[in-house]
Every structure is written in C-alpha cells, then in structure tokens.
Amino acid sequence: MLILLPPSEGKASRGDGPALELSRLSFPALAPARGDVLEALTALCGRDTAPEVLGLSPGTAGEIGRNLLLRTAPTLTAAALYTGVLYDNLGLASLSPEAAARASESLLIFSGLWGVLRIGDRVPPYRLSMAVRLPPLGALGAFWRPRITPLLDAEPGLVVDLRSSTYAAAWRPGTRAVAVRVLRQGKVVSHMAKATRGVIARSLLEGDTDPRSPEELAKVLDHLGHSVALGAAPAAGRSWTLDVMV
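As a starting point, this report considers the structure included with it. On a predicted model such as this, the values are computed, not experimentally measured, just so you know.

Remarks on the overall build of the protein
At step 1: On a plain count of helices and strands, the protein comes out with ten helices and twelve strands.
At step 2: Here the C-alpha radius of gyration of the protein, 18 Å, is about what a compact globule of 246 residues would show, namely 18 Å.
At step 3: Taken along its principal axes, the extent of the C-alpha atoms in the protein is 50 × 40 × 35 Å.
At step 4: For the protein, long-range pairs separated by at least 24 residues make up 70% of all intrachain contacts whose partners lie at least 6 apart in sequence.
At step 5: As presented, the protein carries roughly 11,300 Å² of accessible surface, and 53% of it is formed by carbon and sulfur atoms.
At step 6: Mean positive and mean negative side-chain charge positions of the protein (26 and 22 charges, respectively) differ by 5 Å.

Regarding the layout of surface pockets
At step 1: Volume-wise, the largest pocket comes out at about 940 Å³.
At step 2: For the lining of the largest pocket, the secondary structure elements donating two or more residues are helix H5 (85-90), helix H8 (165-168), strand E9 (177-184) and helix H9 (191-206).
At step 3: Its residues placed into classes, the lining of the largest pocket shows 18 nonpolar, 14 polar and ten charged.
At step 4: The calculated volume of the second largest pocket comes to roughly 180 Å³.

Focus: the side chain of Arg 127
At step 1: Inspection of the secondary structure puts Arg 127 in the loop between strand E5 (122-123) and strand E6 (133-134).
At step 2: One polar contact links Arg 127 to Glu 9, side chain to side chain, over a distance of 3.4 Å.
At step 3: Every residue in contact with Arg 127, bar those within four places of it in the chain, is listed here: Glu 9, Leu 41, Leu 54, Leu 56, Thr 60, Glu 63 and Asn 67.

Here's the deal with helix H10 (residues 214-223)
At step 1: Where H10 is concerned, the buried positions are Pro 214, Leu 217, Ala 218, Val 220 and Leu 221. Here the buried residues of H10 occupy an arc of 165° about the axis, which is enough to place them on one side. Opposite the buried face of H10, by more than 90 degrees, sit the exposed residues Lys 219, Asp 222 and His 223.
At step 2: In the stretch just after H10, Gly 225 is the one whose phi turns positive, near 100°.

Overview of the nonpolar core
At step 1: By size, the foremost hydrophobic cluster in this structure holds 77 residues, and its most contacted members are Ile 3, Phe 110, Leu 128 and Trp 144.
At step 2: If one sorts the elements of this core by residue count, helix H1 (residues 31-44) sits on top with seven residues.
At step 3: Excluding residues within four positions of it along the chain, Leu 128 makes contact with Val 37, Leu 41, Leu 54, Gly 112, Leu 113, Leu 134, Leu 140 and Tyr 167.

Brief notes about the packing of aromatic side chains
At step 1: Scanning the model with the defined rule gives three aromatic pairs in all.
At step 2: A cation over a ring is seen here: Arg 147 above Phe 143, with NZ or CZ 3.9 Å from the ring centre.

A closer look at the pattern of salt bridges
At step 1: Tallied over the entire structure, the rule returns ten salt bridges.
At step 2: The salt bridge involving Asp 16 is made with Arg 122; its shortest N-O contact spans 3.7 Å. Here Asp 16, found in the loop between strand E1 (2-5) and H1, pairs with Arg 122, found in strand E5; they are 106 residues apart in sequence, far enough to count as distant.
At step 3: Taking the relative accessible area as the measure of exposure, Asp 16 reaches 72% and is therefore exposed.

Digging into the pairing of strand E12 (residues 240-245)
At step 1: Bridging between E9 and E12 involves six bridges; their strand directions are parallel. Counted as the bridge partner of Val 178 is Trp 240 from E12.

Examining the environment of Leu 70
At step 1: Tracing the sequence through the fold places Leu 70 in the loop between helix H3 (63-67) and strand E2 (76-77).
At step 2: Once residues within four sequence positions are removed from consideration, Leu 70 is found in contact with Leu 20, Leu 38, Leu 41, Leu 113, Pro 124, Pro 125 and Tyr 126.

Procedures and definitions
Residues numbered from 1 in each chain as written. Predicted model: local features only at pLDDT ≥ 70, side-chain atom pairs only at ≥ 80, totals over all residues. Heavy atoms only, no water. Helix = DSSP H or I, 4+ residues; strand = E, 2+ residues; numbered from the N terminus. Rg over C-alpha atoms; globule rule 2.2 N^0.38 Å. Contact = heavy atoms within 4.5 Å. Areas by Shrake-Rupley, 256 points an atom, 1.4 Å probe, with all protein chains shown as cover. Lys, Arg positive; Asp, Glu negative; His and termini not counted. Charge placed at Lys NZ, Arg CZ, Asp CG, Glu CD. 1 Å grid on protein atoms, 1.4 Å probe; cavity = no way out; pocket = protein on both sides within 12 Å on 5 of 7 lines; lining within 4 Å. Points joined across faces, edges and corners; volume = space filled by probe spheres on them. Nonpolar A, V, L, I, M, F, W, Y, C, P; charged D, E, K, R; others polar. Polar contact = N/O pair within 3.5 Å; in protein donor to acceptor, adjacent residues only side chain to side chain. Buried < 20%, exposed > 50% of the residue type's maximum accessible area, 1.4 Å probe, protein only. Arc of directions from axis to C-beta. Core = buried A, V, L, I, M, F, W, Y, C linked by side-chain atoms within 4.5 Å. Phe/Tyr/Trp six-rings, centres within 6.5 Å; stacked < 30°, edge-to-face > 60°. Lys NZ or Arg CZ within 6 Å of the ring centre and 35° of its normal. Salt bridge = Lys/Arg side-chain N within 4 Å of Asp/Glu carboxyl O. Pairing = 2+ DSSP bridges.

So, in structure tokens, the structure goes:
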C-alpha cells in the first residue's frame, strides 16, 4: 500500500544535519530534475519578482533568503520537516515501532521542489508550492508528472491518495488509487480535511493492514471506526473516490 500526502506550508525552521545531497534522496533518478528546480528557484530568489511568483505575503518574504541557502543549509528528515495540521494528526514521532516501519515504506510526500520524498529523506526547510509557475520550467505539476509517473507506476500496491488537488497533478495513478474526500453534512470541507486525512493515515499505519482493493480499504477503515462510503467504479484511468464523513 502507498499512502500519498501533500507537504505542509508550515515547516520546521531549521535542520541540524549535514548539507543536502541530492544523490542520497529516495528515487535517485529524480536527482537531475531536482537539481533543475533547485537552480531555477535559486535564480528566481535573486530577483525582485520572487515574492510575486512564489505567492509570498510580506510576512513570509524571509523565505526567499532561506531558499538562497538550500545547498548548504542543515537538513532534517521529511518526517520532522512538515508541521502542518495533517502532520500534527498523523503524529509520525509517536507511531509505534511497527507503524513507523510501515510509514517509511508506505508514505510518499509530494513536493514542488523535490518531486516526491520518503519520510527518511533529509532536506532543508524551503518554500515552493507545486502551484507555482517557476521560470523557466513552467507549472511544477506539469514539470514533475512525466518524471514521477514511470517511477511510481512501477511501485506495487493499492494507492491511498490523501493529496490536495495541487499535488495530485504531479502523478495520476488511475484506477489502482482511492482518492479520499472529507465530507461534513454532505459537503466537502477543506481545513478539517487536513486533520482527518492525518488521522486516516495514522489509522492505516497503526492498524497493521494492507488492503489490496478499494473495497478492502473501505472495510478496513470502517473496522477502524471511520464512517466511510466508497463511490461507484470510476471510468477507465480515473481514481476511485472514498468519502469520509466527519
């Protein structure tokens, strides 16, 4: 089973480990593309247009200086880097040893800068959304998709897709995937969805389960205490939809 996560806008402020080594990250075939994005981001952050392109408010403009130091800044694991609502509810640091081992194999975190990471990968804090059109590379979702797709298509197992739509653009796993929506009183919710997706991911990791089909996933989550409804079989090439009611 693969569990796909978005990154979080909130991140740890600094690392305490060695400087970035692109060749040591998971999916090393992505190293050239990661280098291209890193170079383009560094070049952008040396120009006056950087805040506008990156979508930064005046209060977050200091992120530009951090982006300029990415090659030499101390790193930390992806598990420690992301600190948003989803990750607070996922609680990687408090997983049981068995669940933590499953997390290291199952969790994939999508990133505008790194493409996709496993939780043990060491990277420095950064600021770059997949929604950015980064000169000269263009829209990052479209940039990453042809590079990520053959790598993740080769990964076995059911895909539990907890990403936001922005990050879903980087890989479309098709009918082997189940995209999780969070509903309240029949309506899709946004902020609460982050917390619920974190809880869902933790439940699957701590539950010691390996569902092989969308139907099995729905049964597992129901058994774990979640109120869920699996949608109808999708058209060819589309993902299943699983609604979680909160």
